[in-house]
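Commentary on secondary and tertiary structure
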Amino acid sequence: MPVYQAPLRDYQFLLSELLNVYQQPLRGFDEFDEDLVSAILEGVAEFTTEVMLPINASGDLEGCQLEQGKVITPNGFKQAYEQYVDNGWATLTCDPDFGGQGLPEVVGLFATEMKTATNMAFAMYPGLTHGAYAAIHAHGDDALKQKYLPKLVSGEWTGTMNLTESHAGTDLALLRTKAVPHTENTFAISGEKIFISSGDHDLAENIVHLVLARLPDAPEGVKGISLFAVPKVLINEDGSLGQANTLCASALEHKMGIHGNSTCVMVFDNAVGELIGEPHQGLRAMFTMMNQARLGVGIQGLGVSDIAYQNALAYAKDRIQGRALSGVKQPDDKADSILVHGDVRRMLLSQKSFNEGSRALLAQQALWLDQAERSDDAAVAKQAGALAALFTPIVKGFVTDQGFKACVDAQQIFGGHGYINEWGMEQFVRDIRIAMIYEGTNGVQALDLVGRKLLSDKGATLQVWSKMVTELVQAQSSNTEMQPYLAGLTDAAGDLERATGYLVKAAGINPDLLGAASMPYMQLFGITALAWMWCRVASASLATLAAGTDETEYYQNKLATAKVFMSYWATQSRSLRKQIESSSEDIVLFNNAAF
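Small disclaimer: the values here were computed from a predicted structure and weren't measured.

**Looking at the overall build of the chain**
When helices and strands are counted, the chain shows 17 helices and 11 strands. A globule of 595 residues ought to have a C-alpha radius of gyration of about 25 Å, and the chain, at 24 Å, matches this closely. Along the three orthogonal principal directions, the C-alpha set of the chain runs to about 75 × 60 × 60 Å. Here the chain holds 595 residues, and the buried ones make up 56% of them.

Okay, structure coming up:
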């Protein structure tokens, strides 16, 4: 069975030294400190390694079963979920007014990483619930909040999001699910949704489905979509559960991975639902849930990549095969460990530098979300919200793309053993593959980055971030120890600036060029963003070493890993920029008949 060591020291470094979370002037941040956060994260680490990890492989092999219209989760899932709720892990970042602990997203992020690393399929059940909570919390009226949120916060009920229909896919303008007025405050929801994660299960007594549907007077397209809360079991006026609603899981999807999560075809047959927010404003409300989910998916890309790396590293140290090209390294053994081989080291260091850089970037993204919600300074909140929106395609698209590739590299290190299930590596590859597809495919994320996030405000938010990069470089320019890191960031940022100029020009010539260039642009942006984070990590590490520390090795390792990122990852920016400039037109103009 795979092993896992929660990166608690990294969490402490990011919170205390890189982001200075405990000094942030944000509402509610004065109610927690380093000792409290450390205790919470240590508790989550214990739960995930001792309860969730042991049922990951068995849950994958057993999968979910649909019996007489009800979904049964794998053995151990129900007991683990009961313990999860009893421990209060579901409440961490939720509003105290509804029973939550009120911790910031930048802390909840790390709890989510540990959950997804140890059992991605299980973690999706509370993950979808938190998204439903966020949508109702942001857009529901007081009555709706009081009705649903306490139970969603506690974890006694779970939630889902129902967007996709078989004929529509990503194009929500085509959805057909209908909502007809039923009583003064309810609607009859009818339609079929597919690919619904956690659509039905035996973990909780009720499931609150958030469903996109059209009212009878709805305009065409996405402007005619409304969002409804449709519970599996109807709720009486006193809050107790009543009769079953007229909806069901008609089938389970047979998937490549995440077998322990119930991915359902959901049928709504005049099911009773309640409107969330205003009529025809459902897409806006759903995107609250989607943006929450997209950060969560990015965390999945990191979490599964990290556990794959940890196991690949352990295997590389233990597995002996061949000798180092430079001579024998382990003379007492019949062969050297495969850690001596250059290509194995390349793959491991690519994973390590990606994982640690991505963890820092995701933490920054979560802090921006906290600032947007909790800052009393309107300007700070607005800018943080804009930066979080700009980086959403990066944390979802880039991190999951590269996280999947990192898992493939980890599997490769095992050789043939990585291809059979007893080592767990092939499950990691299968599980994380979905992260590149759901919550908006990564191709859609790339288009969102260049079409909406980059061009919609004429690059204003990008310029804000570019100024932050420039200020970092200028502030550290006289520090000779920072030069190897600054050089990598400067080169990558320069390539990103030139590629951005190409896209702005291309948009006026032929918009199709944006689509052809969008994916390499997202990768270039992601690499530059990680270079920015690694420069900040290097700066913080050098400052601590200069001040004196008992953990010299930890900070020196950070600097060494930052150097690897700059030499291995950041140097890829040039080829990505040249690819954007050179191939986009050829892609667009290629004759369809020649395919």
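**Things to note about the nonpolar core**
Among the nonpolar cores identified, the biggest contains 186 residues, and W465, Y521 and F525 are the most heavily contacted of them. Broken down by element, this core gets its largest block of residues, 19 residues, from helix α15 (residues 512-547). Apart from the residues within four sequence positions on either side, Y521 is in contact with L449, V450, L454, L462, L496, A499, T500, L503 and I580.

**Focus on the pairing of strand β7 (residues 226-231)**
The element β7 is extensively covered by neighbouring structure, given that six of its six residues are classed as buried. The two faces of β7 match: S226, F228 and V230 on one face and L227, A229 and P231 on the other face are all buried. As defined by bridge partners, strand β6 (residues 206-213) adjoins β7 across six bridges and the pair is classed as antiparallel. Bridge pairing links V211 to F228 in β7. Here β7 pairs with strand β11 (residues 263-276) via three bridges, running antiparallel. By the bridge assignment for β11, A229 is matched with E274.

**Concerning the pairing of strand β5 (residues 187-197)**
Pairing of strand β4 (residues 178-181) with β5 involves four bridges; the strand directions are antiparallel. Pairing of P181 across the sheet is with F187, part of β5. Hairpin connection, β4 to β5: the antiparallel pair is bridged by five residues. The sheet contact formed by β5 and β11 spans eight bridges and is antiparallel.

**What to know about the packing of helix α10 (residues 378-413) against α15**
For any two helices packed against each other, one specifies the inter-axial angle together with the distance between the axes. For the pair α10 and α15, interaxial distance at closest approach is 9 Å and the crossing angle is 95°. The angle between α10 and α15 places the two elements in the roughly perpendicular class. Here α10 contributes L390, F391, P393, I394, G397, F398, D401 and Q402 to the contact with α15, which in turn contributes M519, M522, Q523, F525, G526, I527, A529 and L530. Here the residues of the contact of α10 with α15 sort into 11 nonpolar, four polar and one charged.

**Let's talk about the environment of T552**
For T552, the position within the fold is in helix α16 (residues 552-569). Distance in space between the C-alpha atoms of T552 and S541 is 9.3 Å, their sequence separation being 11 residues. Only 3.4 Å separates the side chain of T552 from the backbone oxygen of T549, close enough to count as a polar contact.

**Structural notes on the pattern of salt bridges**
Per the counting criterion, the structure on display carries 23 salt bridges. Note that R359 is salt-bridged to E113, the shortest N-O span being 2.7 Å. Separated by 246 residues along the polypeptide, R359 in helix α9 (residues 342-374) and E113 in helix α5 (residues 105-118) bring together distant segments of the chain. Note on accessibility: R359 and E113 belong to one class, buried. Note that K232 and D200 form a salt bridge whose closest N and O atoms lie 2.7 Å from each other.

**Thoughts on the packing of aromatic side chains**
Within the structure shown, the criterion is met by 28 aromatic pairs. When the ring of Y315 is compared with that of F414, the centres are 4.2 Å apart and the planes differ by 20°; the resulting orientation is stacked. Of the two residues, Y315 is situated in helix α8 (residues 282-318) and F414 in the loop between α10 and α11 (425-432); the sequence distance between them amounts to 99 residues. The residues Y315 and F414 share a single accessibility class, namely buried. Measuring from centroid to centroid gives 5.3 Å for Y315 and W423, while their planes differ by 80°, and the two rings are edge-to-face. Here Y315, found in helix α8, pairs with W423, found in the loop between α10 and α11; they are 108 residues apart in sequence, far enough to count as distant. For Y315, a relative accessible area of 8% gives the class buried. Here the aromatic residues W368, F391, W465, Y521, F525 and W532 are joined through ring pairs into a cluster of three or more. The ring of W532 has R536 sitting right over it, with the charged end atom 4.6 Å from the ring centre.

**Observations regarding the side chain of T186**
Locating T186 in the fold gives a position in the loop between β4 and β5. A polar side-chain atom of T186 sits 2.5 Å from a polar atom in the side chain of T183. Discounting chain neighbours no more than four positions away, the residues touching T186 are P181, V272, G273 and E274.

**Things to note about empty space enclosed by the protein**
Scanning the model with the defined rule gives three cavities of 30 Å³ or more in all. Considered as a void within the structure, the largest cavity measures approximately 580 Å³ in volume. Around the largest cavity, the lining comprises 39 residues; the ones closest to its centre are T112, P126, G127, L128 and H130. Top element by residues in the lining of the largest cavity is helix α6 (residues 120-139). It accounts for nine residues. Within the lining of the largest cavity, the residues separate by chemical class into 22 nonpolar, 14 polar and three charged. Reported here for the second largest cavity is a volume of approximately 50 Å³. Every residue lining the second largest cavity is listed: M1, P2, L53, N56, A57, G424, Q427 and F428. Among the secondary structure elements, those contributing two or more residues to the lining of the second largest cavity are α3 (56-62) and α11.

**Some details on the packing of helix α14 (residues 483-509) against α15**
Contact geometry of α14 with α15 gives a least axis separation of 9 Å together with a crossing angle of 155°. Relative to α15, the element α14 is oriented roughly antiparallel. Crossing hand, α14 versus α15: left-handed. Counted by class, the contact of α14 with α15 contains 21 nonpolar, two polar and one charged residues.

**Examining helix α1 (residues 8-18)**
Note on helix geometry: an α-helix contains 3.6 residues per turn, so any two residues three or four positions apart are oriented the same way. Restricting attention to buried positions, one finds in α1 the residues D10, Y11, F13, L14, L15, S16 and L18. Close packing links the buried residues of α1 with α2 (34-52), α5, α9, α15 and α16. After α1 finishes, the residue N20 shows a positive phi value of roughly 50°.

**Examining the environment of S584**
The topology assignment puts S584 in helix α17 (residues 573-589). Within the structure, the side chain of S584 is placed 2.7 Å from the backbone oxygen of I580, a separation counted as a polar contact.

Conventions adopted
- Residues numbered from 1 in each chain as written.
- Predicted model: local features only at pLDDT ≥ 70, side-chain atom pairs only at ≥ 80, totals over all residues.
- Heavy atoms only, no water.
- Helix = DSSP H or I, 4+ residues; strand = E, 2+ residues; numbered from the N terminus.
- Rg over C-alpha atoms; globule rule 2.2 N^0.38 Å.
- Buried < 20%, exposed > 50% of the residue type's maximum accessible area, 1.4 Å probe, protein only.
- Core = buried A, V, L, I, M, F, W, Y, C linked by side-chain atoms within 4.5 Å.
- Contact = heavy atoms within 4.5 Å.
- Pairing = 2+ DSSP bridges.
- Axes fitted to C-alpha atoms, helices over the stretch in contact; angles between N-to-C directions.
- Parallel < 35°, antiparallel > 145°, perpendicular 65-115°, else oblique.
- Nonpolar A, V, L, I, M, F, W, Y, C, P; charged D, E, K, R; others polar.
- Polar contact = N/O pair within 3.5 Å; in protein donor to acceptor, adjacent residues only side chain to side chain.
- Salt bridge = Lys/Arg side-chain N within 4 Å of Asp/Glu carboxyl O.
- Phe/Tyr/Trp six-rings, centres within 6.5 Å; stacked < 30°, edge-to-face > 60°.
- Lys NZ or Arg CZ within 6 Å of the ring centre and 35° of its normal.
- 1 Å grid on protein atoms, 1.4 Å probe; cavity = no way out; pocket = protein on both sides within 12 Å on 5 of 7 lines; lining within 4 Å.
- Points joined across faces, edges and corners; volume = space filled by probe spheres on them.
- Left-handed = near helix turned anticlockwise from the far one by under 90°.

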